[in-house]
Amino acid sequence: MSNVIVNRVKEFLNRFPPFHFLDEKTLMAVAKAVEVRYFGAGEYLFQKGDPAQDFFFVLREGSIHLIDQEDKGEKIVEICDEGDVFGVLALLGKRPYILNALVKEDSLVYAIPVAIFEKVLQENSRVSLYFAAGFASGQVVVRRDLSQGQKARSELKESSQDNGLMIFTGQSDMNFSKDVLCVFQGTSIGDAAKAMAEKGVGSVVITDDRKFPVGIITDKDLRNRVVAKGLSYEVKVEEVMTSPVITKRKDAGFAHLYLTMIKNRLHHLIFTEDGTVQSPVTGILSDHDILLSQGNSPAVLINALMNTWEVSEMSKVRDRAELLLKYYLENEVAMDFVANIISEINDIIIQRAVQLAKQKHDADHPEAANVKFCFLSLGSEGREEQLLRTDLDNAIVYEDVPAENEAAVRKYMLLIAEEIIEILLACGFQACPADMMANNPEWCQSLTQWKRYFSDWILSPNQMALMHATIFFDFRPVFGHRPLSDAMTEHIYQEISGKSVFLNFLAKNALLNPAPLGFFKNFIVEKSGEHRDKFDIKLRAMMPLTDMGRLLVLSHRVVGINNTFKRFEKIAELEPNHRELMLEAGKAYEILMRMRAIEGLRSGSSGRYIQPEALGKLQRQLLKNAFAPIDELQQVMRVRFQLDYFNS
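Given the structure is predicted, the values throughout are model-derived calculations rather than measurements. All residue numbers refer to position in the chain's written sequence, counted from 1. Residues qualify for local features only when their pLDDT is at least 70, as the model is predicted, and side-chain atom pairs are given and counted only at 80 or more; totals for whole chains, interfaces and linings, by contrast, use all residues. Hydrogens are left out, water is left out, and the side-chain values use all remaining heavy atoms of the structure.

Caption draft 1: Inspection of the sheet that holds strand β15 (residues 444-446) at higher detail. Should DSSP find at least two bridges between two strands, the strands are regarded as paired. Segments assigned H or I by DSSP are reported as helices when at least four residues long, segments assigned E as strands when at least two residues long, and all are numbered from the N terminus. Read across the open sheet, the 4 strands follow the order β15-β14-β13-β16; overall the sheet is mixed. Looking at the sheet topology across the chains shown, the edges are occupied by β15 and β16 (476-480). In this sheet, adjacent strand axes meet at a mean angle of 30° when their direction is disregarded. Note that strand β13 (residues 373-377) and strand β14 (residues 394-398) share 5 bridges and pair antiparallel. Bridging from a neighbouring strand, Phe373 pairs with Tyr398 of β14. Contacting β13 and β16, helix α12 (residues 335-361) runs over the sheet at an angle of about 40° to β16. Residue contacts follow a heavy-atom distance rule, with two residues in contact if any of their heavy atoms lie within 4.5 Å. Each axis is a line fitted through C-alpha atoms, and for a helix only the stretch in contact is used; angles between axes span 0 to 180 degrees, taken between their N-to-C directions. Here helix α15 (residues 447-459) sits on the sheet and contacts β14 and β15; the angle it forms with β15, its principal contact strand, is near 100°.

What follows is the structure, encoded as structure tokens:
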């Protein structure tokens, strides 16, 4: 080819992955080796079962359909777009083709010799990762490894360079004390305090004669449990220590260790040889160590929330949390870690809001204030998936009281509910358009009334009941008397037991939104209205997965797992024959969560509607790959719950 043509080929390839990962010299060598081929409409580049050619292909212009030949006829798997790579089985293992490549419009194709590209594949890790992640076109008939896709999206782009947060991606050392002050049981408080002073530390670990940890005493314990109560310094340490202690291995991973401290409100976490209390102490991690390891972090934000009663300050902290969220999303930090951190921050704000509401109204309603209640998060927050401050869905359940007290108790509960919602709105959360919030009298009810609700929804599963089920079955206790929430869960499973028809209806509802596999060159977008020409990632991709995840945990009577991708992980354990599919469904949901949150931060919205043109080719392909498990899982649900028979 002439230099002019070679340069044009090179410029075109450089616009698309994986070619833009090549250096100038390698890209030029590839461009020189390219054969430019023209195909007329109706021709085939290759057909299913044909032996692999010595080339793979890139579409320059035109239209090529990749088609699978099935017993029921032909099925279009993909329509190749400009810059799409296809026919890669010639490159990856030289296996026969599994699809037909039919030219639908006169097309210009670049044929790239396998011989020259095999060396690139071996030497360039980013190029090999592109293919390993299944980004080439026409592989939908082979289940994608979505975890490879996530890895690819992280590595095939430039990462944020906020070094203050590197600890969360495992790229920074964790500071902790290896020289731990320990004293044996039977030591006096006075001697323990003296040892702390001499060593200049704020804690001492209490051990048994085998040097296994049995408790811990901190400076705060000495102030509150010894000095403030006037105890003798001769009192033994085991009388004032915090026990039992929580222990971990020091190599357990920062995210796990840090979340353990957050969840258990620990200021110190003890390391032992095997991570249990039945082995010697090897180190101790303090919240001060964490703050020394990083600057701006969840530890700082959570500490700020725990030390303020000002709503304006709470709002500022939640604003700062979105900077962390943006960093985590851009750098592919594990989604379970991200969801845990943001949910913990949201939960603390809710807990503070309830406490502030009680402080304001308890004095005027002393009897009602003693009634046990539980504040419940619903929907995405109930599933620990509300990364952005989108719609509030919540409720209150309170214990049953005598009929003569019901009016007064209900008045009090609605007063604090109204106060809680006002505080959450002031912190930047959005009101639920359907008014499914605790300050709505319908969703602030006694335990008996909640049981009636669930019984009605289960026994009479009309469309409204199923809509309520998709929201209210994902409740999670955030503040108050947890046994009330447990009683609701127990009641739900009692009602479902032996009533498979409800699960059939729930399954039918879960299949209302089929997987959006048919967009090919274009997304299935909204046809009209405010969001015309945008893709609804919530309705068309996320809801089918949340609905099926909920259905599966209900059918297996799984208690205590609300998060969608964790639900699929659990079902993978319970259904080993579907393990791979369930894990892929969970990964798909993580990808969709991340994409929605990134869009929301970018556009200052809920992230629900995505502009397809704003997505790069890798993002579009990763999104397409995430749809495949939805389709396969819906087929499984259709058979399992006999929906073809059920609909007849």
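Caption draft 2: Broad picture of the packing of aromatic side chains. In summary, the pairing rule links any two rings of Phe, Tyr or Trp, Trp by its six-membered ring, whose centres are within 6.5 Å, and it sorts them by plane angle into stacked for under 30 degrees, edge-to-face for over 60 and tilted for everything else. Scanning the model with the defined rule gives 26 aromatic pairs in all. Between Phe12 and Phe16, the aromatic rings sit 5.0 Å apart at their centres with planes inclined by 55°, giving tilted as the arrangement. Neither Phe12 nor Phe16 differs from the other in exposure class; each is buried. Plain terms: the ring middles of Trp443 and Trp457 are 6.3 Å apart, the flat faces sit at 50° to each other, and that makes the pair tilted. Of the two residues, Trp443 is situated in the loop between α14 (403-426) and β15 and Trp457 in helix α15; the sequence distance between them amounts to 14 residues. No difference in accessibility class separates Trp443 from Trp457, as the two residues are buried. An aromatic cluster of at least three residues, connected via ring pairs, comprises Trp443, Trp450, Tyr453, Phe454, Trp457, Phe472, Phe473, Phe475 and Phe502. For the exposure calls, accessible area comes from a 1.4 Å probe over protein chains only, and a residue counts as buried if that area is under 20% of its type's maximum, exposed if over 50%, partly exposed in between.

Caption draft 3: Local environment of the side chain of Ser446. Topologically, Ser446 is positioned in strand β15. Relative accessible area serves as the criterion here: at 10%, Ser446 is assigned to the buried category.

Caption draft 4: Representation of the pattern of salt bridges. In the sections that follow, a salt bridge refers to a side-chain nitrogen of Lys or Arg positioned within 4 Å of a carboxyl oxygen of Asp or Glu. Scanning the entire structure with this criterion turns up 27 salt bridges. Between Glu322 and Arg389 there is a salt bridge, with the nearest N and O atoms lying 3.2 Å from each other. Taken as a pair, Glu322 in helix α11 (residues 311-330) and Arg389 in the loop between α13 (379-382) and β14 lie far apart in primary sequence, 67 residues in all. For Glu322, a relative accessible area of 19% puts it in the buried group. Judged by its relative accessible area of 13%, Arg389 is buried. Within the structure, one salt-bridge network assembled from shared partners comprises Arg383, Glu385, Asp474, Asp547, Arg550 and Arg567.

Caption draft 5: Geometry of helix α16 (residues 463-472). Most of α16 is tucked away, with 7 of its 10 residues classed as buried. Taken together, the buried positions of α16 are Ala465, Leu466, His468, Ala469, Thr470, Ile471 and Phe472. The inward-facing, buried residues of α16 contact α13, α15, α18 (500-510) and α19 (537-555). For this analysis, a polar contact is any N or O atom pair within 3.5 Å, provided that within protein one partner can donate a hydrogen and the other can accept it, and provided that sequence-adjacent residues contribute only side-chain to side-chain pairs. Its side-chain oxygen at 3.2 Å from the backbone nitrogen of Met464, Asn462 defines the N-terminal cap of α16.

Caption draft 6: View of helix α1 (residues 3-13). Looking at α1, one finds that the buried residues are Val6, Val9, Lys10, Phe12 and Leu13. Relative to the axis of α1, the buried residues are bounded by an arc of 165° and lie together on one face. Exposed positions of α1 whose direction lies more than 90 degrees from the buried face are Asn3, Val4, Arg8 and Glu11. Each element contacted by the buried residues of α1 is listed here: α2 (24-33), β1 (35-39), β3 (55-70) and β6 (100-113). Summarising the geometry, the arc corresponds to the directions from the helix axis toward the C-beta atoms.

Caption draft 7: Spatial organisation of the packing of α18 against α19. Two elements in contact, α18 and α19, have axes whose closest approach is 9 Å; the angle formed by their N-to-C orientations is 165°. Looking at the two axes, α18 sits roughly antiparallel to α19. The way α18 lies across α19 gives a crossing that is left-handed. On α19, the residues that touch Leu503, Leu506, Ala507, Asn509 and Ala510 of α18 are Pro544, Asp547, Met548, Leu551, Leu554 and Ser555. Partitioned by chemical class, the residues of the contact of α18 with α19 number 8 nonpolar, 2 polar and 1 charged. Under this scheme an angle from 65 to 115 degrees is roughly perpendicular, one under 35 degrees roughly parallel, and one over 145 degrees roughly antiparallel; angles in between are oblique. Each crossing is labelled by how the near helix is turned from the far one, with a counterclockwise turn of less than a right angle marking it left-handed and a clockwise turn marking it right-handed. Ten residue types, Ala, Val, Leu, Ile, Met, Phe, Trp, Tyr, Cys and Pro, are classed as nonpolar, four, Asp, Glu, Lys and Arg, as charged, and the remainder, Gly among them, as polar.

Caption draft 8: Seen up close, the sheet that holds strand β7 (residues 182-184). Pairing is mixed across the open sheet formed by 3 strands, whose spatial order is β7-β8-β9. Every other strand in the sheet has two partners, leaving β7 and β9 (213-218) as the edge strands with one partner each. Going across the sheet, the axis of each strand differs from the next one's by a mean of 30°, ignoring polarity. Two elements, β7 and strand β8 (residues 203-207), share 3 bridges in a ladder whose sense is parallel. Counterpart to Val183 in the pairing with β8 is Ile206.

Caption draft 9: How the structure looks around the environment of Asn340. On the secondary structure map, Asn340 appears in helix α12. For the pair Asn340 and Ile262, spaced 78 residues apart in sequence, the C-alpha separation works out to 9.7 Å. Apart from residues no more than four positions distant in its own chain, Asn340 is found in contact with Leu259, Lys263, Glu384 and Lys566. Among the polar contacts made by the side chain of Asn340, one reaches the main-chain carbonyl oxygen of Asp336 at a distance of 2.7 Å.

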